[in-house]
Structure formats: structure tokens, C-alpha cells
Amino acid sequence: MDQLNDGHALQRLLDELGRLPGVGPKSAQRIAYYLLEADAEEARRLATAILEVKEQVHFCPICFSYATHDTCDVCSDASRDRTTICVVSEPRDVSAIERTGSYHGLYHVLGGVISPMDKIGPEQLHVRELLSRLASGEAQEVILATNPDVEGETTATYLSRIIRPLGVRVSRLASGLPVGGDLEYADEVTLGRAIEARHEM
């Protein structure tokens, strides 16, 4: 570590790497050493990829997942079942569910969960936009796929309460997902079974 502390540029790299989620001081050091040993072209490709993703990827105006075109790949796919909307907390949850191959409907990303401790209420999430989508009458079922933790359950209960009066079926992912777990880390089989065995709320 002392060798890396000698140069301002290296310390800056360590500091920036250390800000990434899940990257501690030792991991940051390993990545920094790897980049030092890589040729300039490899480092340039990484830097270019980071800049491109920041410039080209944006939120889909319909579902708020990530998109590189006007709308995301799911919203623009005419073959998707438009009578079902799966509500998730974050865009990465869309990827987790898509990997199961068990779901063929649309998505709606809330952009977080209700968390009074963090001062996040329904007004800070994409709840209003979800209700606007449901107002068209096309969706017949909403699957609430928030994480099975306290905040996720609170969010699901709130959404169920305001969606059910609209005459739309509301279901929740079935058991099989561990309480306190993250969808992002669930294996495809467990998550797929949870989708298939969802229950009405």
C-alpha cells in the first residue's frame, strides 16, 4: 500500500475505487495494481466504457428501467404481455427477473422503497407514474416484487392498498425468497419459482 501512496494519481485512483459499493481498501488496491500492470489500451477501453455508459444509458420514460434508446428493450418489445406489470425497487431487479425466463410481462421500477428512517415516502418513488399506467385499463395484474425485507414489505402493502380499489389483481412473489434477502442475489431457480407461485394480496 505504501508504494501506491507515493503518487498523487495512484492515491486518487485508490480513493475513487474505494467509493465503489463492495470495494474495500484491499480490493481497491488489487484493482489499482491490475490497472497499473495492464497496457494503456486496456485502461483506455475501461475508461471509455464508463464514459459511454454514463452518456448513453438513461431511465426509460415509461417504466424507469435503464434504456439506451427512447424506451427500454422490454417496453418497446411488442411481444411482451401488456396485461401484467411487475413492480420492482431498482433497475437491477429487472435483470434478475429477466434471467429466470419465467416472466414475459412489463415492468415498473419504483426507484427505491418506502423507508421512513431514510425519509423516503411514496412521493419520492415512481408511484404516481405507476397509477397513471394502470389508469389506461390495459393491465389486469400487478406483481409486487419488492425485496422480502421490512421496507420491501411495507412498500408492497402500501401499493396493494392503493391499487386494489382500481379493480386490478395484485399479487406478491411467493415464498422461497429468504426474508431480508435481495432479489439481485437470488438464484434463477428460486426467483423463477417465486414468480410462478405468486399469490394474490
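Once a new chain begins, its residue numbering starts again from 1 and follows that chain's sequence as written. Note on the predicted model: pLDDT of at least 70 is required for a residue's local features to be given, and 80 or more for side-chain atom pairs to be given and counted; whole-chain, interface and lining totals, by contrast, use all residues. Each side-chain value is derived from all of the structure's non-hydrogen atoms; neither hydrogens nor water enter the calculation.

(A) Region of interest: the pairing of strand β5 (residues 141-144). The two faces of β5 match: Glu141 and Ile143 on one face and Val142 and Leu144 on the other face are all buried. Relative to β5, strand β3 (residues 81-88) is paired through four bridges, and the arrangement is parallel. By the bridge assignment for β5, Val87 is matched with Leu144. Across four bridges, the pairing between β5 and strand β6 (residues 169-172) is parallel. Residue pairing for β6: Glu141 is matched across the bridge by Arg169. Note on handedness: a crossover is taken as right-handed if, strands pointing away from the viewer, the path from the first strand over the helix to the second is clockwise. Every helix listed is a DSSP run of H or I at least four residues long, and every strand listed is a run of E at least two residues long, numbered separately from the N terminus. Crossover β5 to β6 through helix α7 (residues 150-163) is right-handed. Three exposure classes are used, based on accessible area relative to the maximum for each residue type with a 1.4 Å probe and protein chains only: buried under 20%, partly exposed in between, and exposed over 50%. Think of it this way: DSSP has to see at least two bridges between two strands before they count as a pair.

(B) Focus on the side chain of Ser160. Within the element layout of this structure, Ser160 appears in helix α7. Here, two residues are considered to be in contact whenever any of their heavy atoms come within 4.5 Å of each other. Those residues in contact with Ser160 that lie beyond four places of it in its chain are Leu144, Pro165, Val170 and Met201.

(C) α7, seen in detail. Here α7 spans 20 Å end to end across 14 residues, near enough to the 20 Å set by a 1.5 Å rise per residue. Taken residue by residue, α7 has Gly152, Thr155, Ala156, Leu159, Ser160 and Ile163 as its buried positions. With its buried residues spanning 135° around the axis, α7 presents them on a single face. Along α7, the residues that are exposed and aim more than 90 degrees away from the buried face are Val150 and Arg161. Of the surrounding elements, those touching the buried residues of α7 are β3, α6 (127-134), β5 and β6. The span one expects for a helix is its residue count, reduced by one, times 1.5 Å. Throughout, the arc means the angular range of directions from the helix axis out to the C-beta atoms.

(D) View of the environment of Thr48. Among the secondary structure elements, Thr48 is positioned in helix α4 (residues 40-56). Judged by its relative accessible area of 34%, Thr48 falls in the partly exposed class. For Thr48 and Val88, which are 40 residues apart along the polypeptide, the C-alpha to C-alpha distance reads 30 Å.

(E) Spotlight on the pattern of salt bridges. In what follows, salt bridge is the name for a side-chain nitrogen of Lys or Arg lying within 4 Å of a carboxyl oxygen of Asp or Glu. Here the structure, examined in full by the defined rule, presents five salt bridges. Glu141 is the salt-bridge partner of Arg169, the closest N and O atoms lying 3.0 Å from each other. Here Glu141 lies in strand β5 and Arg169 lies in strand β6, a separation of 28 residues in the sequence. Residue classification places Arg169 among the partly exposed positions, given a relative accessible area of 33%.

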